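Listed below are the residues making up each chain.
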Amino acid sequence: MGLSIGIVGLPNVGKSTLFNALTKAQNAEAANYPFCTIEPNKAIVPVPDERINKLAKLVNPARLVNSTVDFVDIAGLVKGASKGEGLGNQFLTNIRETDAILEVVRCFDNSDIVHVDGSVNPLRDIEVIETELILADIQTLEKKIDRLQKAAKGDKVAKLILEDAEALLKFMNEGNVALSFPDKDKETLQELFNELRLMTSKKIIYCANVDENGLTEDNEYVKAVRKYGESKGSDVVKISAKVEEELVGLEDNEREEFLESYGVKESGLEKIIHTGFHTLGLSSYFTAGPKEVRAWTIHKGWKAPQAAGVIHTDFEKGFIRAEVISYEDYIKYGSEAACRAAGALRVEGKDYIVQDGDVMHFLFNV
């Protein structure tokens, strides 16, 4: 499994600049006018993880394979997007398949960069974005309810689903996102969420885009976004799309020096990915051998068979046991053989909960 993040925001907030920098691909034209992105931009980005590099130095594999994140950048939203204003809701469908939504809001003043609403106000921008997402979801839900009303006439299960769908619609018509619906964990609603891929049922990460001067200390715009994110139980990440753009093409040592000059330790890409993993409750385990050292993305709390299934479904179906070495022990002893000799290699069964950084080998039989 991978992590996919949809990048949304109003025009001219730095979305495409950020996308260019994150993906190191200048294929999302960034310009000082609305709607410069007229097709959704998608890119697969490797997850930066120094652990995989350290393991590779010990194992010396033929190749390294990082976990990946899919970024989807869509055209800037405006008021009325759900009704076809601007470029309309044709682009909203592109983020229905993502796991999380990164809401980019502008948190800096610059008279040379036009704001679509004439002034900088990140909380107003968030309200516009989320209102359009709610309205688009309401349309999707209403269409589903129309179908359920026909099916419910002779189907008790459809009638129950219809009742839940109507309760959800009432809740959303009051301006609430689907994720905050009190009964969202009911089985019928989970099935409905999975089928409709409601955008407001996804976790949101608020991304405060600042200028170079805003990286060290939070300005008033960022403070407001952090307070809002806290009130919603959502993660907030602060980045400078302009600085990220300047990082493109620099060597590792140059990047470190550049970031240090701004008083930050990790790039915006690293912040966004680490925040994404935290928001969605994800972690990584590793497989290590002469052919490759690879990172695999799983949900925290997954047991060994589920984790094995990420490699191949047969691994989960025919799971026998797992050989496990913690990342710390692998680095400490320097090889699988040394870990085995030191008693640091453990044999775990079906109930073992995989820990972040575990180095694993699965035994299975199908």
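The model shown is predicted, which means the values in this text are computed figures rather than measured ones. (Residues numbered from 1 in each chain as written. Predicted model: local features only at pLDDT ≥ 70, side-chain atom pairs only at ≥ 80, totals over all residues. Heavy atoms only, no water.)

1. Concerning the confidence of the model for the protein chain
Moving on, step 1. When pLDDT is averaged along the protein chain, the result is 86; 88% of the residues meet or exceed 70.
Moving on, step 2. Of the regions scoring below 50 in pLDDT, residues 25–29 engages in 15 contacts with residues more than four places distant in sequence or in other chains.
Moving on, step 3. A low-confidence stretch, residues 31–38 stays under pLDDT 50, and its non-local contacts, those more than four residues away or across chains, total 23 contacts. (pLDDT = per-residue confidence, 0-100. Contact = heavy atoms within 4.5 Å.)

2. Here's the deal with helix H5 (residues 187–196)
Moving on, step 1. Among the residues of H5, those classed as buried are Leu189, Leu192, Phe193 and Leu196. Each buried residue of H5 lies within a common arc of 100° when the element is viewed along its axis, so the set occupies one face. The exposed residues of H5 that point more than 90 degrees off its buried face are Glu187 and Asn194.
Moving on, step 2. Check the buried side of H5 and you find it contacts helix H3 (122–151) and helix H4 (156–173).
Moving on, step 3. Positioned one or two residues after H5, Arg197 has a phi angle of 55°, which is positive. (Buried < 20%, exposed > 50% of the residue type's maximum accessible area, 1.4 Å probe, protein only. Helix = DSSP H or I, 4+ residues; strand = E, 2+ residues; numbered from the N terminus. Arc of directions from axis to C-beta.)

3. Comments concerning the pairing of strand S9 (residues 292–299)
Moving on, step 1. Burial within S9 is extensive, with seven of its eight residues counted as buried.
Moving on, step 2. Direction of pairing for strand S3 (residues 63–65) relative to S9: parallel, over a ladder of three bridges. Within the sheet, the bridge partner assigned to Arg63 lies in S9 and is Glu292.
Moving on, step 3. Bridge count for strand S8 (residues 282–288) against S9 is seven bridges, and the pairing is antiparallel. Note on S9: the bridge partner recorded for Phe286 is Ala295.
Moving on, step 4. Taken together, S8 and the strand that follows it, S9, pair antiparallel across an intervening segment of three residues. (Pairing = 2+ DSSP bridges.)

4. Observations concerning unusual backbone geometry
Moving on, step 1. The residue Asn60 is not glycine, and still its phi comes out positive at about 55°.
Moving on, step 2. Looking at where Asn60 falls in the secondary structure, it is placed in the loop between helix H2 (50–59) and S3.
Moving on, step 3. The backbone of Arg197 sits at a positive phi, close to 55°, despite the residue not being glycine.

5. So, the packing of aromatic side chains
Moving on, step 1. Enumeration according to the criterion identifies seven aromatic pairs in this entry.
Moving on, step 2. Ring geometry for Phe258 and Tyr262: centres 5.3 Å apart, planes at 65°, overall edge-to-face.
Moving on, step 3. Grouped by ring-pair contacts, the aromatic residues Tyr285, Phe319 and Phe362 constitute a single cluster.
Moving on, step 4. Just above the ring of Phe108 sits the side chain of Arg106; from NZ or CZ to the centre is 4.8 Å. (Phe/Tyr/Trp six-rings, centres within 6.5 Å; stacked < 30°, edge-to-face > 60°. Lys NZ or Arg CZ within 6 Å of the ring centre and 35° of its normal.)

6. Some thoughts on the sheet that holds strand S1 (residues 3–8)
Moving on, step 1. Spatially, the six strands line up as an open sheet ordered S2-S4-S1-S5-S6-S7, and their pairing is mixed. Either end of the sheet is taken by a strand with one partner, and the two such strands are strand S2 (41–46) and strand S7 (235–239). This sheet shows a mean twist of 25° between the axes of neighbouring strands, independent of strand direction.
Moving on, step 2. Sheet topology note: the S1/strand S5 (residues 100–106) ladder contains four bridges and is parallel. From the neighbouring strand, Gly6 faces S5, where its bridge partner is Ile101.
Moving on, step 3. Relative to S5, H3 is tilted by about 145°, and along the sheet it contacts S1, S5 and strand S6 (203–209).
Moving on, step 4. Its contacts with the sheet place helix H9 (residues 268–280) against S1, S2, strand S4 (68–73), S5, S6 and S7, and it is angled at close to 175° to S7. (Axes fitted to C-alpha atoms, helices over the stretch in contact; angles between N-to-C directions.)

7. Side note on helix H6 (residues 220–232)
Moving on, step 1. With 13 residues, H6 should reach 18 Å at 1.5 Å per residue; the first-to-last C-alpha distance of 19 Å fits that figure.
Moving on, step 2. N-cap assignment for H6: the residue whose side-chain oxygen lies 3.0 Å from the backbone N of Tyr221 is Asn219. (Expected span 1.5 Å × (residues − 1). Polar contact = N/O pair within 3.5 Å; in protein donor to acceptor, adjacent residues only side chain to side chain.)

8. A look at the packing of H3 against H5
Moving on, step 1. Where H3 contacts H5, the axes come no closer than 11 Å and their chain directions differ by 115°. The crossing of H3 and H5 is right-handed. In this structure, H3 uses Thr140, Leu141, Lys144 and Arg147 to contact H5, whose residues at the interface are Leu192, Glu195 and Leu196.
Moving on, step 2. Looking at the contact of H3 with H5 residue by residue, the classes come out as three nonpolar, one polar and three charged. (Left-handed = near helix turned anticlockwise from the far one by under 90°. Nonpolar A, V, L, I, M, F, W, Y, C, P; charged D, E, K, R; others polar.)

9. With respect to the packing of H3 against H4
Moving on, step 1. Relative orientation of the contacting elements H3 and H4 amounts to 155°, with a least axis distance of 9 Å. Here H3 lies roughly antiparallel to H4, going by the angle between them. The crossing of H3 and H4 is left-handed. Facing Ile134, Asp137, Ile138, Leu141, Glu142, Ile145, Leu148, Gln149 and Ala151 of H3, the residues of H4 in contact are Ala158, Ile161, Leu162, Ala165, Glu166, Leu168, Leu169, Met172 and Asn173.
Moving on, step 2. Considered class by class, the residues forming the contact of H3 with H4 number 13 nonpolar, two polar and three charged. (Parallel < 35°, antiparallel > 145°, perpendicular 65-115°, else oblique.)

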